[in-house]
Amino acid sequence: QVQLVESGGGSVQPGGSLRLSCAASGRIIFSINVMGWYRQPPGKQRELVATISNDNSTNYVDSVKGRFTISRDNAKNTVYLEMNSLKLEDTAVYYCNARRYVTNIIYDYWGQGTQVTVSS
């Protein structure tokens with residue numbers, strides 16, 4: 001119903017930058033309410049990084065505020081995560097998420113994940 005394909009991960013030194021992209025496709029993408037990025041560091045649980053709603057309101061976890069920027073290009077059905085001033089603790093697999101609200105039910109769709117490694 002919704003397919004998400006991430007790209008842009010890689011290895012970078014501390015202080016560097018990366019830009020992640022998430023392309024959405026599928027016959028019901030018009031009904032997506034919120035797009036977001038989550039990450040799962042090694043040995044830890046998946047955590048929210050940033051979200052962007054249909055009205056372009058954004059939300060960030062405190063640890064990335066001022067360093068990461070989430071944005072969207074509706075014409076391309078693509079969401080981006082611009083990551084600057086990367087730190088060692090940003091190392092994780094980053095997952096794109098699409099969320100739909102249908103009455104009282106939440107539907108979540110996930111991409112396959114892209115590895116981001118920050119190391120010196």
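A.B. asks: Describe in detail the environment of Val12, supporting the description with residues and values.
C.D. replies: As for its placement among the helices and strands, Val12 is situated in strand S2 (residues 10-12). Exposure remark for Val12: the relative accessible area of 15% places this residue in the buried category. Between the C-alpha atoms of Val12 and Val118, which are 106 residues apart in sequence, the distance is 5.0 Å. Here Val12 is in contact with Ser17, Leu18, Leu86, Thr117, Val118 and Ser119, once residues within four sequence places are set aside.

A.B. asks: Describe in detail the side chain of Arg100, supporting the description with residues and values.
C.D. replies: Position of Arg100 relative to the elements: it lies in strand S9 (residues 92-102). One buried charged residue, Arg100, remains without a salt bridge, the closest side chain of opposite sign being Asp108 at 9.9 Å. A distance of 2.8 Å separates polar atoms of two side chains, one belonging to Arg100 and the other to Ser31. A polar side-chain atom of Arg100 sits 2.9 Å from a polar atom in the side chain of Tyr109. Arg100 has contacts with Gln1, Ile28, Ser31, Ile32, Asn33, Ile105, Ile106, Tyr107 and Tyr109, leaving out every residue within four places of it along the chain.

A.B. asks: So what's going on with the environment of Val61? Residues and values would help.
C.D. replies: Its location among the elements puts Val61 in the loop between strand S6 (58-60) and strand S7 (68-73). Val61 gets classed as partly exposed once you look at its relative accessible area, which sits at 26%. If near-sequence neighbours (up to four positions away) are discounted, Val61 is found in contact with Leu48 and Val49.

Rules of the game
Residues numbered from 1 in each chain as written. Predicted model: local features only at pLDDT ≥ 70, side-chain atom pairs only at ≥ 80, totals over all residues. Heavy atoms only, no water. Helix = DSSP H or I, 4+ residues; strand = E, 2+ residues; numbered from the N terminus. Buried < 20%, exposed > 50% of the residue type's maximum accessible area, 1.4 Å probe, protein only. Contact = heavy atoms within 4.5 Å. Lys, Arg positive; Asp, Glu negative; His and termini not counted. Salt bridge = Lys/Arg side-chain N within 4 Å of Asp/Glu carboxyl O. Polar contact = N/O pair within 3.5 Å; in protein donor to acceptor, adjacent residues only side chain to side chain.

Function cannot be read off these values alone, since they describe shape.
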